[in-house]
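For reference, the chains in residue letters:
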Amino acid sequence: MKDSTNLREWTRHDIENLDENVRRVSERLASGEAKLAEIDEKLAEFDAHFAALDRRFAELNARFEAFNARYEAASGQISELEKETQEACRMTQEVRRSTAYINARLEALEMAAMAVDLAPRREVLKVLQVTGGKETMN
């Protein structure tokens, strides 16, 4: 009987230990569930935040695409303006060269006109020198 009592006591003690272990596991499971619920809540917040960031990124991407299109158009216009500016500079240089040439030609013509204007006077001076300062008219 003693063995039977001992056996019952050990069994009861083992059952109590098992009950205690089950209670601890149940508490840990409940704690784990609470933590999982908390994690799920944080994931939901993250998903909402990520969705907002995704929308913002899409908005910024659309704005960038619009800017890029305007930049491409402006880049073409700038290129055309640069070509026009280079052509205007070339034409300005050509006009300057032509003006310098015209000025040189005008100066040469003025010098020639002055030489022609002075030539008859030289002849008169030579005649006056030859005749001794007396004018003779035929």
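Here's a quick rundown of the structure. (Residues numbered from 1 in each chain as written. Predicted model: local features only at pLDDT ≥ 70, side-chain atom pairs only at ≥ 80, totals over all residues. Heavy atoms only, no water.)

### Quick notes on the overall build of the chain
Piece 1. In terms of helices and strands, the chain carries one helix and zero strands.
Piece 2. Burial statistics for the chain: of 138 residues in total, 0% are counted as buried.
Piece 3. Taken as a whole, the chain presents about 13,100 Å² of accessible surface, with 60% of it coming from carbon and sulfur. (Helix = DSSP H or I, 4+ residues; strand = E, 2+ residues; numbered from the N terminus. Buried < 20%, exposed > 50% of the residue type's maximum accessible area, 1.4 Å probe, protein only. Areas by Shrake-Rupley, 256 points an atom, 1.4 Å probe, with all protein chains shown as cover.)

### Things to note about the packing of aromatic side chains
Piece 1. Under the definition given, this model contains two aromatic pairs.
Piece 2. Both rings, one in Phe 46 and one in Phe 50, keep their centres 6.1 Å apart while their planes meet at 25°; by these two values the pair is stacked. A residue pair is termed a helical-turn pair when its members lie 3 or 4 positions apart in one helix, as Phe 46 and Phe 50 do in helix α1 (residues 2–131) at four residues.
Piece 3. For Phe 46, a relative accessible area of 48% corresponds to the partly exposed category.
Piece 4. In this structure Phe 50 comes out as partly exposed when scored by relative accessible area, which is 48%.
Piece 5. With centroids separated by 6.4 Å and ring planes inclined at 25°, the aromatic side chains of Phe 67 and Tyr 71 adopt a geometry described as stacked. (Phe/Tyr/Trp six-rings, centres within 6.5 Å; stacked < 30°, edge-to-face > 60°.)

### Quick notes on the pattern of salt bridges
Side chains that differ in sign of charge can pair as their charged atoms come close.
Piece 1. For the structure shown, the criterion picks out nine salt bridges.
Piece 2. Arg 90 is paired through a salt bridge with Glu 87; the nearest N and O atoms lie 2.4 Å apart. Of this pair, Arg 90 and Glu 87 are both found in helix α1, three residues apart, which corresponds to roughly one turn of the helix.
Piece 3. For Arg 90, a relative accessible area of 39% translates into the label partly exposed.
Piece 4. According to the relative accessible area criterion, Glu 87 is partly exposed, its value standing at 34%.
Piece 5. In this structure, Glu 94 engages Arg 90 in a salt bridge whose closest nitrogen and oxygen atoms are separated by 3.0 Å. Remark: Arg 90 and Glu 94 occur in helix α1; sequence separation between them is four residues, near one turn of the helix.
Piece 6. Counted as one network, the salt bridges with shared partners bring together Glu 20, Arg 23, Arg 24 and Glu 27. (Salt bridge = Lys/Arg side-chain N within 4 Å of Asp/Glu carboxyl O.)

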